[in-house]
Amino acid sequence: MKKILFISRHSPYGTSQAREALEALLAAAVYGQDTQVLFMDDGVFQLVNNQNSATIDQKSLGASLPALPLYDVEKIYVHSESLRNRGISANELVLDSVQIIDSQAVSRLLAQQDQLLSF
Amino acid sequence: MRGFFIDAMKFSLLIQAAPHSAQASATALSFAEALLKQGHSLHRVFFYRDGVHNASELAAPPQDETNLPHRWQALAREHQVELMVCIAAALKRGILDEAEARRYQKASANLAPGFVLGGLGQLLEAAVESDRLITFGN
């Protein structure tokens, strides 16, 4: 089994980057590998709760994220500095099972992987 | 030097950007040509997101600009590289093979010869089977 980390670094709306990263992540999860995900930079905006995207004719990305543990993606990491720089606190996140990690821990996390998929 | 590398690695590439709009797919093509030249192998090139536009048979760039679909096709022909286009990303962007054009009752298909449509599972298969998976254009 390979360790595969998805890195999602873009905001949930404005481009399809985050949406299509999530689609690839869910496809990966059913493939039976050790699939993990790291949200950093503007990617942390995907995790903010109470997203109302109906007014821009988009499905809510935040509403899809709680499905991750159901797909056996249980290692969900969030970069702490990215949250802090954007004024987002842990209790505003759609998922309560995330691990909030600092830059040094991100560095260690990347080093542990067999493959990185960057979105 | 082909064949003399003891540390030859198996690569796959993930292309996420459209040709012409971004440099990424041209860079990926150069990277692919370079790694093959150095004796490494290329397991699969997977086109995702706007990268699916690299597979359009209908692209007609001016003669003094590089024709990326043609260059990908040449690479695939010469080195037996699999050029796989994500079917979900392709259908929504209007890149269809004959079977999908029939299924959706479209007037024509436009997937360039040498490219095949496939599922996201094939991206993961590439990640599992390759020593290195390199992303371009995210």
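Here, every reference points to the structure presented above.
What you see is a predicted model; the values in this text were computed from it and never measured.

Membership of the largest hydrophobic core comes to 70 residues, with the highest contact counts inside it found for B:Leu42 and B:Trp72. Per-element tally for this core: the top contributor is helix H1 (residues 17–29) of chain A, with nine residues. Look past the residues within four positions of B:Leu42 in its chain and what remains in contact with it is B:Phe11, B:Ser12, B:Leu13, B:Ala32, B:Leu35, B:Leu36, B:Leu75 and B:Val81. Ranked by size, the runner-up nonpolar core spans nine residues in total, among them A:Tyr77, A:Ala105, A:Val106 and A:Leu109.

Before going further, it helps to spend a moment on the packing of aromatic side chains. Tallying each qualifying case throughout the model produces seven aromatic pairs over all chains. Taking the centre distance of 5.9 Å and the plane angle of 70 degrees together, the rings of B:Phe11 and B:Phe31 count as edge-to-face. With B:Phe11 in strand S1 (residues 10–15) and B:Phe31 in helix H1 (residues 24–37), this residue pair connects regions lying 20 residues apart in the sequence. When its relative accessible area of 31% is taken as the criterion, B:Phe31 is described as partly exposed. Grouping aromatic residues by their ring pairs yields a cluster made of A:Phe6, A:Phe119, B:Phe46 and B:Tyr48.

Analysis parameters
- Residues numbered from 1 in each chain as written.
- Chains lettered and ligands numbered in written order.
- Predicted model: local features only at pLDDT ≥ 70, side-chain atom pairs only at ≥ 80, totals over all residues.
- Heavy atoms only, no water.
- Core = buried A, V, L, I, M, F, W, Y, C linked by side-chain atoms within 4.5 Å.
- Buried < 20%, exposed > 50% of the residue type's maximum accessible area, 1.4 Å probe, protein only.
- Helix = DSSP H or I, 4+ residues; strand = E, 2+ residues; numbered from the N terminus.
- Contact = heavy atoms within 4.5 Å.
- Phe/Tyr/Trp six-rings, centres within 6.5 Å; stacked < 30°, edge-to-face > 60°.

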